[in-house]
Amino acid sequence: MIEPEVIKVIDSSADVVVIGGGPAGLAAAISAKESGAEHVVLLDRNSWLGGILPQCIHDGFGVEETGISMTGPEYAEKYIEMTEKKGIDAMKETMVLQFNEKREITAVNKNGLYKIKAKSIVLAMGCREKTRWNVMIPGDRPSGIYTAGVAQAFINLYNIMPGKNVIILGSGDVGLIMARRLKFEGANVLGVVEILPYASGLPRNVVQCLDDYNIPIFFNHTVTCIDGRERVEQVTIAQIDEKMNVISGTEKKIECDTLLLSLGLIPENELAKNVGIEINNLTGGTTVNQYFETTLPGVFACGNCLQVYDTVDVLANDAKNAGKNAANNLTIQKKDKKIFIKVVPGMGVRYVVPQIISELGKVHLTLRVEKPRESSVLHVIVDGKELLRKRLPWANPANMIGVDIDVPPETMTTSHNLEVILDDQ
Amino acid sequence: MTNERNITCIVCPIGCKILIKTNGMRLEHVGGNKCKKGIEYVKSEVFDPRRMLTTSVLVNGGEWPLVSVKSSKPVPKEKLFSILKEIKRTAVNAPVKSGQKIIRNVANTDISIIATKTVKNNKI
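Residues numbered from 1 in each chain as written. Chains lettered and ligands numbered in written order. Predicted model: local features only at pLDDT ≥ 70, side-chain atom pairs only at ≥ 80, totals over all residues.

Draft legend 1. Main features of the interface of chain A and chain B. Chain A puts 22 residues into the contact, and the matching count from chain B is 21 residues. Those elements giving two or more residues to the side of chain A that touches chain B turn out to be α3 (72–85) and α7 (203–210) of chain A. Element by element, the count of residues in the side of chain A that touches chain B is highest for α7 of chain A, at four residues. Its residues assigned to classes, the side of chain A that touches chain B shows ten nonpolar, seven polar and five charged. (Contact = placed C-beta atoms within 7 Å. Helix = DSSP H or I, 4+ residues; strand = E, 2+ residues; numbered from the N terminus. Nonpolar A, V, L, I, M, F, W, Y, C, P; charged D, E, K, R; others polar.)

Draft legend 2. Broad picture of the pairing of strand β11 (residues 165–169) of chain A. Residue and element names in this part refer to chain A. For β11, the buried fraction is high: four of the five residues fall into the buried class. Strand direction decides the pairing type here: β11 and strand β12 (residues 188–193), joined by five bridges, are parallel. By the bridge assignment, Ile 168 is partnered in β12 with Val 192. Pairing between β11 and strand β17 (residues 258–261): four bridges, direction parallel. Residue Ile 167 lies in a different strand from β17, and its bridge partner there is Leu 259. (Buried ≥ 20, exposed ≤ 12 C-beta atoms within 10 Å, placed from the backbone. Pairing = 2+ DSSP bridges.)

Draft legend 3. Spotlight on the domain arrangement of chain A. All names here are of chain A. Segmentation of chain A into domains returns domain 1 (9–128 + 266–329), domain 2 (131–263) and domain 3 (342–424). Distance between the C-alpha centres of domain 1 and domain 3: 27 Å. Taken together, the contact between domain 1 and domain 3 spans twelve residues of the former and 13 residues of the latter. Its residues assigned to classes, the side of domain 1 that touches domain 3 shows five nonpolar, six polar and one charged. (Domains from an automatic or database assignment.)

Draft legend 4. Representation of the environment of Gly 51 of chain A within the structure. Here Gly 51 of chain A is to be found in the loop between β2 (40–43) and β3 (59–61). Residue contacts for Gly 51 of chain A: discarding those within four places in its chain leaves Gly 21, Gly 22, Pro 23 and Gly 126 of chain A.

Draft legend 5. Inspection of the sheet that holds strand β3 (residues 26–31) of chain B at higher detail. All names here are of chain B. On the basis of which strands lie adjacent, the open sheet formed by three strands has the order β1-β2-β3 and antiparallel pairing. Either end of the sheet is taken by a strand with one partner, and the two such strands are β1 (3–8) and β3. For this sheet, the mean inter-axis angle between neighbouring strands, taken without regard to orientation, is 25°. Packed on one face of the sheet, helix α1 (residues 36–47) meets β1, β2 (17–23) and β3 and runs near 50° to β2. (Axes fitted to C-alpha atoms, helices over the stretch in contact; angles between N-to-C directions.)

Draft legend 6. Fine view of the confidence of the model for chain B. Predicted confidence across chain B gives a mean pLDDT of 93, with 99% of residues reaching 70 or more. The ipTM, which scores confidence in the relative placement of chains, is 0.92 for this predicted complex, and the corresponding pTM is 0.92. (pLDDT = per-residue confidence, 0-100.)

Draft legend 7. Examining helix α6 (residues 173–184) of chain A more closely. All names here are of chain A. The terminal C-alpha atoms of α6, which comprises twelve residues, lie 17 Å apart, in line with the 16 Å expected from a rise of 1.5 Å per residue. Summarising burial for α6: eleven of the twelve residues are buried, a large majority. In this fold, the buried residues of α6 make contact with α5 (148–156), β11, β12, α7 and β17. Residue Gly 186 follows α6 closely and has a positive phi angle near 95°. (Expected span 1.5 Å × (residues − 1).)

Draft legend 8. Layout of unusual backbone geometry. Of note, the bond from Val 353 of chain A into Pro 354 of chain A is cis; its omega dihedral lies within 30 degrees of zero at 5°. By secondary structure assignment, the location of Pro 354 of chain A is in the loop between β21 (349–353) and β22 (356–357). Put simply, Ala 94 of chain B and Pro 95 of chain B share a cis peptide bond, and its omega is 0°. Its location among the elements puts Pro 95 of chain B in the loop between β8 (91–93) and β9 (101–103). With a phi close to 50°, Met 136 of chain A is a non-glycine residue in the positive phi region. Position of Met 136 of chain A among the secondary structure elements: in the loop between α4 (132–135) and β10 (145–147). Here the phi dihedral of Asn 159 of chain A falls at roughly 60°; this positive angle occurs in a residue that is not glycine. Along the chain, Asn 159 of chain A falls in the loop between α5 and β11. Of the residues examined, Asn 159 of chain A has 14 C-beta atoms within 10 Å and is grouped as partly exposed.

Draft legend 9. Spotlight on the domain arrangement of chain B. Domain annotation for chain B reports domain 1 (3–48) and domain 2 (54–115). Of note, the centres of domain 1 of chain B and domain 2 of chain B, computed from C-alpha atoms alone, are 30 Å apart.

Draft legend 10. Summary view of the environment of Gly 144 of chain A. Residue and element names in this part refer to chain A. Inspection of the secondary structure assignment puts Gly 144 in the loop between α4 and β10. Look at Gly 144 and you get buried, because 21 C-beta atoms sit within 10 Å. With 59 residues separating them in the primary sequence, Gly 144 and Lys 85 have C-alpha atoms 43 Å apart. Setting aside chain neighbours within four positions, we find Gly 144 in contact with Gly 163, Gly 228, Arg 231, Val 232, Asp 257, Thr 258 and Leu 259.

Draft legend 11. Molecular detail of the pairing of strand β23 (residues 361–369) of chain A. All names here are of chain A. Bridge analysis of β21 against β23 gives four bridges, and the strand direction is antiparallel. Along β23, the bridge assignment pairs Val 349 with Val 369. Pairing of β23 with strand β26 (residues 401–407) involves seven bridges; the strand directions are antiparallel. Paired with Lys 362 across the two strands is Asp 406, which belongs to β26.

Draft legend 12. View of the sheet that holds β11 of chain A. Residues and elements named next belong to chain A. In spatial order, the strands read β10-β17-β11-β12-β13; together these five strands make up an open sheet with parallel pairing. The open sheet has two free edges, formed respectively by β10 and β13 (217–218), since each of these has just one partner strand. As paired elements, β12 and β13 share two bridges and run parallel to each other. Of the residues in β13, the one forming a bridge with Val 192 is Ile 217. Contacts between α5 and the sheet are confined to β10 and β17, with β10 contributing the most and set at about 90° to the helix. Packed on one face of the sheet, α6 meets β11, β12 and β17 and runs near 165° to β12.

And the structure:
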């Protein structure tokens, strides 16, 4: 046991401290440095930088950003090289325990306990996968139940096969990509079970990961029971109705040894919650203004701990803005002309980021729709006035939508919300 | 005879549903694509479907047991599993540099298998 007095306390300070060295953290740190922050510190608990990118060995990364399709490891190495070149102080195997309102960070690694005073903080902690217990699947508790991302790390980083006969619950992108990956490594992928009437992953992944290999997808179905003593032996799947209730009599037992869960991602915000930063209950991420600043001045958020993105390209772009703003330390709490417009999702819209507009002018909104639709119209409305009207030939919850609006001066006097709605043409 | 079918484009995350009409080896109509890449994709998908192949190769003496790899260009769909079979028989010695050629002319396709990750020597 280590006696308290032998723990070395190391005091330091930095202009910008980025918490999390995944794609968002790397992009934010580089951008902060490029924007003039002298001392940028990047903290990550893993022994490598890049977060989950090294295990995402498939390609398609960077297409929108650079026009070149890269694999996850290639994309990560490009950014890691840049952090080295720019002289960013990256500390690996370093766990942030907490930070306070004065932006004093407590972190720990093999060298001791760090107290870092930061002028700005950028949160880039990423997200976690939902587990069996988030959806409460009844049955036994045998081995052989993994989240899709864990199975991905097993196969792609550690050379371990999670199983032979696999059922995948949920059609998120990681689950779809794992269906193909397992097939490549010789497993039987018996099917993907999706509770919704459509896939939650991107259309291209349904085509190139399932259709290409004749892997069936069971829409409007869920897993109702897991059986197995030591190891998974079978799962029961059943059809569900529009109210998400199981239709009795539709139960089917499928013999398998592995159940992968691709149920969606939850932003990781324990550190933010502990310091009292507001969390938005629609995104699970922090509430931010158009500068990606959270409700605690000087603390910014980006990446999947802000909202779960569908491509790294858009994520990195937003993270760069967050990093730049952190370097410039744009604060919403400007005393003189403080405005505060709440952005709320209306009919047909699941969520909108940012949730707060604190200054007039050009604002970029990102949003997701509630369900797939064809030919709909997106409206951005404040005080009955339409700021934007955009026709959408198609809209899919799996594809994040970005729009630019211009918030005019007369909005300053408004006490109303800015509403984003989607209706049929 | 004209055949009609929908193809979902896989070039980018949008995934356009593209309607195509074919007559034998002739492509008579392409519609619903939002960009030019969609037309290229459809042409390839109808007459010579190909996919980028990404997988991993065993590494001896590396900091990681595997190195991720990709095909130098998209491979014919029907050859995917014969290429995978050859890749599974392959192992490389650390260190491996990203971009390094791991297999040349894999399964006689004139396509190479290239490392997408740098794997250093195991420090122990």
